[in-house]
Amino acid sequence: MSEIPYSPGLEGVVATVTRISYLDVEHERILVRGYDLIELARHRSYPEVAYLLLYEALPTPEEATAFERQLVGHAELPDGAYRLLELLPKTTSVMDAVRTGLSFLAGYEDPHVLADPSRSANLAKGMRVLAKAPTLVANAYRALHGQSFVRPDGEGGFVDGFLRMILGTAPDPTARRVFDVILTCYIEHELPNSTFAARVIASTLSDLYGAVVGAAASLKGPLHGGANEAATQMLLEILQQGGAARAEAYVQEKLRQGERIMGFGHRVYMRRHDPRAVLLQEFIPQLLDRRPEGQELYRIYRTVEEVMAREKRIYPNADYPIGLLLYLLGVPIPLYTPVFLCARIAGLVAHVVEQQAENRLFRPRVRYEGPPYRPVPQPARR
């Protein structure tokens, strides 16, 4: 097996051919169906970009209205899902509760539809998962914290309804706009671990729900979706230890100890800027007055960013500004990664549809470094 090239972490390995998205590192651009994701985030809503991912074209105004109406119409959970959430141990993490809930929802699909890998069946199932995930996320958190459930009320659109269920109140236009941009920046990102996991599962012709559940398990990790929570916890830790005046020393200590500064660096971007982070940082000043510690947190944020650029030439990825933005919006920290998952479901569905339309089972090999062949010793006769 030594003649087969080995790439730790599959770095640099092209695992699939796709028409969905591409990280154009040279031009610091993220292409989604040929469009620049940053331009989409600036000029289109999250549901419109979700439509683009699923149907390969931007919607007309009429198509956008109908699509969002479908999302709102499918947002409610079956009563059994609420009972399931009540049964979960209170020590369950929100991401684990959501992963369990997504798997549970598969049981409400017609078995023939669930097993159908056709494009039309997958898009129909994907629409239901995309619509129900925010309701599941908001109520998983509520169940685990002893709060009453909140049902989708059909008011406003997809983004408005999602944020309303999280906050318990109707969001103002600024909050709604920032949350929409966050969701759009998280919607699709080529082939990260969770998307790869979804495609690997889909390649066995397992169902779409199973692929999304696998992606959710992958996304939970702090080296992937959990980085937004870890980055925010870091900012709050620095705040408690002395604020912005302590920030540089804090980072220097972590670097000397060889520890990772969460929210910085990316396997693909390397030492280039993540264009999503550049866009998202523009919105932070609009929210600073919503928290009494907002201004100080922003000073810490900027100091950490400056030290990392000076010392390591490493720049923020999207998780760094998103963590602070969600905190300023009042979103509980345990919901950051579940919000990421909800946003990414549109991309995951697009990848499952594409994988199963032109399927090839993923079956890589290994480089074996164990003992050479050795005969099994015969047991002594008794």
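This text follows the structure it describes.
Computed from a predicted structure; not experimentally measured.

(A) Highlighting the pairing of strand β2 (residues 29–32). Burial of the side chains of β2 is restricted to one face: Ile30 and Val32 are buried, whereas none of Arg29 and Leu31 on the reverse face is. Examined bridge by bridge, strand β1 (residues 21–24) and β2 share four bridges and lie antiparallel to one another. The residue of β2 that forms the bridge with Tyr22 is Leu31. Connecting β1 to the next strand, β2, in antiparallel fashion are four residues, including Glu28 with a positive phi near 50°. Across two bridges, β2 lies against strand β3 (residues 35–36) in antiparallel orientation. Bridge pairing links Val32 to Tyr35 in β3. Count of turn residues in the β2/β3 antiparallel hairpin: two residues, of which Arg33 carries a positive phi of about 50°.

(B) Here's a closer look at the environment of Val137. Positionally, Val137 belongs in helix α7 (residues 119–144). With 35 residues separating them in the primary sequence, Val137 and Leu102 have C-alpha atoms 9.9 Å apart. Sequence-distant contacts of Val137, that is, excluding residues within four places in its chain, are made with Val94, Val98, Phe162, Leu335, Pro338 and Cys342.

(C) Examining the nonpolar core more closely. Ranked by internal contacts, the top residues of the largest apolar core, which has 119 residues, are Tyr46, Phe179 and Val304. With 13 residues, the top contributor of residues to this core is helix α17 (residues 336–357).

(D) Quick look at the packing of aromatic side chains. A complete count under the given rule lists 13 aromatic pairs for this structure. An angle of 45° between the planes, with centres 4.8 Å apart, marks the rings of Tyr51 and Tyr55 as tilted. Taken as a pair, Tyr51 and Tyr55 lie in helix α2 (residues 46–55) at a separation of four residues, close to a single helical turn. On the basis of relative accessible area, Tyr55 is assigned to the partly exposed category, the value being 30%. Linked through ring pairs, Tyr46, Phe158, Phe162 and Phe179 together constitute an aromatic cluster. Positioned above the aromatic ring of Tyr82, the side-chain terminus of Arg151 is 3.8 Å from the ring centre. Here the basic side chain of Arg291 rests over the ring of Tyr327, its NZ or CZ set 3.9 Å away from the ring centre.

Definitions and cut-offs
Residues numbered from 1 in each chain as written. Predicted model: local features only at pLDDT ≥ 70, side-chain atom pairs only at ≥ 80, totals over all residues. Heavy atoms only, no water. Buried < 20%, exposed > 50% of the residue type's maximum accessible area, 1.4 Å probe, protein only. Helix = DSSP H or I, 4+ residues; strand = E, 2+ residues; numbered from the N terminus. Pairing = 2+ DSSP bridges. Contact = heavy atoms within 4.5 Å. Core = buried A, V, L, I, M, F, W, Y, C linked by side-chain atoms within 4.5 Å. Phe/Tyr/Trp six-rings, centres within 6.5 Å; stacked < 30°, edge-to-face > 60°. Lys NZ or Arg CZ within 6 Å of the ring centre and 35° of its normal.

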